[in-house]
Amino acid sequence: MTDKLLNAELEQHAVDRLRHLFEVNRRDLFKFLGAGIVVGVCAPTLLSQQSGRGRSSGDATPADIASWLHIGANGKVTVFTGKVEMGQNIRTSLTQQVAEELRTPEASVEMVMGDTDLTPFDMGTFGSRTTPTMGPQLRKAAASAREALVDLAAQRWQVDRAQLSAANGSVTDSKSGKNISYGELTHGEKLVKIIGPDAPVAAASQWHIAGAASPKVNGKAFVTGAHQYTSDITRPGMLYGKVLRPKAFNAKLVSLDSSAAEKMPGVKVVRDGDFVGVAAADSETASTALATIQAQWNAPQQVSEAELFAHLKAPGASANSGNGNRENGSIQAGMASATKTLSQIYTAAYIAHAPLEPRAAVAAWTDNKLTVWTGTQRPFGVREELATAFHVPTDRVRVIVPDTGSAYGGKHTGDAAVEAARLSKATGKPVKLVWTREEEFTWAYFRPAGVIEIKSGVHDDGTLAAWEYHNYNSGPAGIETFYTVANKRIEFHPADSPLRQGSYRGLAATANHFAREVHMDELAQLLKMDSLQFRLKNIADPRLRAVFETAAARFGWSKQQATPGRGFGIAGGFEKNGYIAMCAEVTAGPSGDVKITRVVAAFDCGAVVNPNGLRNQVSGAIVQAIGGALFEAIHFDNGRILNPHFRDYRVPRFRDLPEIQVELLDRKDVPSAGAGETPIVGLAPAVGNAIFSATGVRLRGLPLMAQALPLQSPAR
Amino acid sequence: MADTIAFKLNDKPVQLDVDGNRPLLWVLRTDLGLTGTKYGCGEGQCGACTVLLDGRAVRSCRTPAASVAGKKIQTIEALSYNGGLHPVQQAFLDEEAFQCGYCTPGMIMSAHALLSTNPAPSDEEIVQHMSGNICRCGTYPRIAAAIHRAAAGEAKK
Ligand code: FES
Ligand code: FES
């Protein structure tokens, strides 16, 4: 394709004039979308104060619009949000909520998501924030748009608005029976409304569309293979890129001979500092060219897996205690008053997100403006990263996030985007770069490994007397105990991690729940109490009690009798405003092999927005949790990953699947909480406790099957 | 290095001049623009690239282009016709047997291969046949349900 054609095509994506859309520049706004009604919602200030917000001069408004929607001709509703879809199904659940408040069919609502030129700033899709924050914002915008439409109808007909009602994409006059569609009402209007974050919305108990099991938006595109992920996007004249990886982490390039690659027809080699990449007409040629490059790297000696836990706990390794530190009462007095005490250490290995779609990006420079398609959870963060890397203002960078082949907290950074953009800049052509599975397992980042020490004391009646808790490196999420205890000290100690680490679905809540809930099981055993009863004795929160009681009842907890090789475990907790409890049944074979045979989960995340999507999320989180619980671990030695393939990094497969039962406690009376993360935290401790019940062996490290499992008699 | 390779792709004859050592996956995706077949590992470990070779499920990332000469290849793009969905696709949609959907084309092709030789597979047979396909989102229970649903639909015909 010629450059002219290329430019013409790229121009369709060049939307400079849209840049300040959300600063309510009416003329531009309506030029782009056509006449209609626009409603923008101000974000709660907390959210807008996060970093990464490039404010341009001349902002006409506080620029705190977090989302907005437009209703135009034909009643088509277009919603703009910086959130992204990566399998957690928010494209559907947000559509439902807009349709609900706007009283219009879901099919008339289109979501424009994660495009830094089109959507308002958003700090990212993580931390289970979409449902509690973006959902209500869009409901408010939709409700306010609906009221504006009713006003327009009242004006047009010169009647009292009280006799009008909105339903099914139109307004009806109850007196005359007249009816007018939203599309007709917006015709010729250029109305902009900005509303505050506390505009009124319908209570969950009044929902009709939200709260029901809507099918996934664009579902058909996924079953036909038509949906275009980043890795499926092509641009005219596009090249395929590959990056030369150092032989170990933190290595410096000493010497490079790329002459053979440079001689290959159509191959371009790019070197910029320690970055070396190639671009070619197809990815195999790029790989072949890359393989001919001779490079020498100098790598420092680095901490290996064998020394990991000692390293994380070494006095020099931990900086000062970070956040998440709490102290109440006196540990000393509490311990002194206890009739039984326990001190144990728990560990968690590094694990990989391993999203099935590896990191990928397509980058194209035109007229010194960079457009990058990439699967990321932080489109605006990646825009910032690109702007910094190439010394251009953020308004010269556009990041577009196609619905992504999942992330699980692993796609916060723009590594592939920066690499593709570097190669594109050097070649003057669009470049696609898709990480290999090995790169994904090596050069991404990991869920932090950690060491957790717990010292506790209990009274004979089963109440907790003292709780001292130290988490080294794994993280502060979910560190607080939800059990009632007067004397407690809870500390998180950040450490110098030998591997690059970062966000992961549920963050440290998985490790903290594992340690706490296994420890509680050990205390129950010490007291010779039933582990459910022991927990209930120490839980005050009625919602937490409810999930424990529900899971136990559905599982038939009180009736289960462990036999050698077959056992039962229970665990639960509270995270991201959601309550989870799980019961697990496992069988352990004589060879030490463990199979989870049954899981019953009870989950309360407030008012349920889409029970169908939610069940899929909860059961998916449980399945994913099996990996981290039983066998997932990154092995590493002196700056190298030893198992960067699915062959040696075992992930859950069909054969690992237990029977899963999910009970949703739909609480219409409390706000909806996000549900992508919390269900992942209960499985590992429930399974660990079940293994103990089946074998009498107490496992205190994740993954549980990393340790040999000598068979003993059941414990309960 | 280019070899001339002729085969039947989605019921139409194709002839390509490509290096016969190249994996079929990349020939499909790059040269033929059939991006429904996904890359997940390139090592035969995940099933995202599953296509049918003479009706059998194979990993296209481990299938050299030369080896399909004279054979019949079917990709996910072949399953839907005239805008209608294949019963297996419809069953996946009805069960909403996906989250991010990245594994879905490979899952559907594997399931399709299973059902064409075993129209009513047991749970155990599904596990056996499908364990080479990874769904990192953990949608396995619904995928199994979709396979049963498609099998039941076939049985009714
Ligand atoms: S891409 Fe072929 S099996 Fe994974
Ligand atoms: S739906 Fe995401 S990998 Fe299967």
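Residues numbered from 1 in each chain as written. Chains lettered and ligands numbered in written order. Predicted model: local features only at pLDDT ≥ 70, side-chain atom pairs only at ≥ 80, totals over all residues. Heavy atoms only, no water.

1. Structural notes on the overall build of chain A
The line we're drawing: A run of H or I in DSSP counts as a helix once it spans at least four residues, and a run of E counts as a strand once it spans at least two, with each numbered from the N terminus. Each residue is assigned to one of three classes by its accessible area relative to the maximum for its type, calculated with a 1.4 Å probe on protein chains only: buried under 20%, partly exposed between the two thresholds, exposed over 50%. Should any heavy atoms of two residues lie within 4.5 Å, those residues are counted as being in contact. Surface accessibility follows the Shrake-Rupley procedure with a 1.4 Å probe radius. Residue values consider only the protein chains on display as shielding.
Each helix and strand in chain A was counted, giving 19 helices and 29 strands. Here chain A holds 716 residues, and 63% of them are scored as buried. The contacts of chain A with a sequence gap of at least 6 include a subset with a gap of at least 24, amounting to 75%. Accessible area of chain A: about 26,000 Å², with a carbon and sulfur share of 50%.

2. Some thoughts on the sheet that holds strand S6 (residues 170–173) of chain A
Residue and element names in this part refer to chain A. Our working definition: A pair of strands is treated as paired once DSSP finds two or more bridges between them. Axis definition: a line fitted to C-alpha atoms, over the contacting stretch in the case of helices. Angles run 0 to 180 degrees between N-to-C directions.
Strands sit in the order S5-S6-S7 across an open sheet of three strands; the sheet is antiparallel. For this open sheet the edge positions go to strand S5 (164–167) and strand S7 (179–181), each flanked by a neighbour on one side alone. If you compare each strand with its neighbour and ignore which way they point, the axes differ by 20 degrees on average. The sheet contact formed by S5 and S6 spans four bridges and is antiparallel.

3. Some remarks on helix H1 (residues 24–31) of chain B
H1(B) sits mainly inside the fold: six of its eight residues count as buried. Check the buried side of H1(B) and you find it contacts helix H9 (283–292) of chain A together with strand S1 (2–9), strand S2 (12–19), strand S3 (50–53) and strand S5 (72–74) of chain B. Immediately downstream of H1(B), the backbone of B:Gly33 shows phi near 70 degrees, a positive value.

4. Details of the nonpolar core
The criterion, for reference: The nonpolar core is taken to be a set of buried Ala, Val, Leu, Ile, Met, Phe, Trp, Tyr and Cys residues, with the residues joined through side-chain atoms within 4.5 Å.
Residues A:Leu386, A:Ile634, A:Leu683 and B:Phe92 are the most contacted members of the largest nonpolar core, which totals 181 residues. Among the elements that make up this core, the one with the highest residue count is helix H18 (residues 611–631) of chain A (10 residues). Core analysis: the second largest hydrophobic core is formed by 34 residues, A:Val98, A:Met113, A:Ala145 and A:Ala166 among them.

5. A few points about the packing of aromatic side chains
What counts here: Here is the rule: rings of Phe, Tyr and Trp (six-membered ring for Trp) pair when centre to centre is within 6.5 Å. Planes less than 30 degrees apart are stacked, more than 60 are edge-to-face, and the remainder are tilted. In this scheme, the term charge over a ring applies when either NZ of a lysine or CZ of an arginine sits within 6 Å of the ring centre and within 35 degrees of the ring normal.
Under the definition given, this model contains 19 aromatic pairs over all chains. An angle of 35 degrees between the planes, with centres 5.4 Å apart, marks the rings of B:Trp26 and B:Tyr39 as tilted. Of the two residues, B:Trp26 sits in helix H1 while B:Tyr39 sits in the loop between H1 and S3, which places them 13 residues apart along the sequence. Pairwise contacts between aromatic rings join A:Phe222, A:Tyr229, B:Phe98 and B:Tyr102 into one cluster. The ring centre of A:Phe222 lies 5.3 Å from the NZ or CZ of A:Lys216, which sits over that ring. Stacked on the ring of A:Phe555, the Lys or Arg A:Arg598 has its end atom at 4.2 Å from the ring centre.

6. Things to note about the packing of helix H12 (residues 379–390) of chain A against helix H13 (residues 415–427) of chain A
All names here are of chain A. The following threshold applies: Reported orientations rely on four angle classes, namely roughly parallel under 35 degrees, roughly antiparallel over 145, roughly perpendicular from 65 to 115, and oblique for the rest. Take the far helix as the reference: if the near one is turned anticlockwise from it by less than a right angle, the crossing is left-handed, and if turned clockwise, right-handed. Under the convention adopted here, Pro, Cys and the residues Ala, Val, Leu, Ile, Met, Phe, Trp and Tyr are nonpolar, Asp, Glu, Lys and Arg are charged, and Gly plus all remaining residues are polar.
Viewed as axis vectors pointing N to C, H12 and H13 meet at an angle of 40 degrees, and their least axial separation amounts to 10 Å. Classified by the angle their axes make, H12 and H13 are oblique. Relative to H13, H12 is oriented so that their crossing is right-handed. Residue-level inspection shows Val382, Glu385, Leu386, Ala389 and Phe390 of H12 in contact with H13, the latter providing Asp415, Ala417, Val418, Ala421, Arg422 and Lys425. Partitioning the contact of H12 with H13 into residue classes produces seven nonpolar, no polar and four charged.

7. Section: the sheet that holds strand S28 (residues 659–664) of chain A
Residue and element names in this part refer to chain A. In spatial order, the strands read S23-S24-S25-S28; together these four strands make up an open sheet with mixed pairing. The sheet is open, and its two edges are formed by strand S23 (566–575) and S28, each paired on a single side. Looking at each pair of strands side by side, their axes are set apart by 15 degrees on average, direction ignored. As paired elements, S23 and strand S24 (residues 578–588) share 10 bridges and run antiparallel to each other. Looking at S24, one finds that Phe574 is bridged to Tyr579.

8. Examining the environment of A:Glu384
As for its placement among the helices and strands, A:Glu384 is situated in helix H12. Along the sequence, A:Glu384 and A:Val397 sit 13 residues apart, while their C-alpha atoms lie 8.3 Å from each other.

9. Examining the packing of helix H4 (residues 104–117) of chain B against helix H5 (residues 123–130) of chain B
Residues and elements named next belong to chain B. Their axes nearest at 10 Å, the elements H4 and H5 cross at an angle of 125 degrees. It follows from the interaxial angle that H4 and H5 lie oblique. Relative to H5, the crossing made by H4 is right-handed. Of the residues in H5, those in contact with Met107, Ser110, Ala111, Ala113 and Leu114 of H4 are Ile126, His129 and Met130.

10. A few points about the pattern of salt bridges
Residues and elements named next belong to chain A. How we decide: Each salt bridge in this description consists of a side-chain nitrogen of Lys or Arg and a carboxyl oxygen of Asp or Glu lying within 4 Å of one another.
Taken as a whole and judged by the stated rule, the model has 39 salt bridges over all chains. As a salt-bridge pair, Arg91 and Asp403 come within 2.7 Å of each other at their nearest N and O atoms. Of the two residues, Arg91 sits in helix H4 (residues 90–102) while Asp403 sits in the loop between strand S18 (397–400) and H13, which places them 312 residues apart along the sequence. Judged on exposure class, the residue Arg91 and its partner Asp403 are both buried. The partner of Arg700 in a salt bridge is Glu522, with the nearest N and O atoms 2.7 Å apart. Placement of Arg700 in the loop between helix H19 (683–695) and strand S29 (701–702) and of Glu522 in helix H15 (residues 509–527) is noted, with a sequence separation of 178 residues between them.

11. Digging into the interface of chain B and chain A
Rules: A simple way to read buried area is as the amount of 1.4 Å-probe accessible surface that goes missing from two parts once joined, with both sides added. A 3.5 Å cut-off defines polar contacts: any pair of N or O atoms within that distance qualifies, except that in protein one atom must be a possible hydrogen donor and the other a possible acceptor, and neighbouring residues in sequence count only when both atoms are side-chain atoms.
Facing 49 residues of chain B, the contacting portion of chain A comprises 57 residues. Buried area between chain B and chain A, both sides added, is near 4,200 Å², and the carbon and sulfur share of it is 55%. As a salt-bridge pair, A:Asp232 and B:Arg29 come within 2.8 Å of each other at their nearest N and O atoms. Applying the counting criterion to the chain B and chain A interface returns 28 residue pairs in polar contact (both at pLDDT 80 or more). Of all elements in the fold, only H1, helix H3 (87–95), H4, H5 and helix H6 (140–156) of chain B reach the threshold of two or more residues within the side of chain B that touches chain A. Here the element with the most residues in the side of chain B that touches chain A is H6(B); it accounts for five residues. Split into classes, the residues belonging to the side of chain B that touches chain A amount to 26 nonpolar, 16 polar and seven charged.

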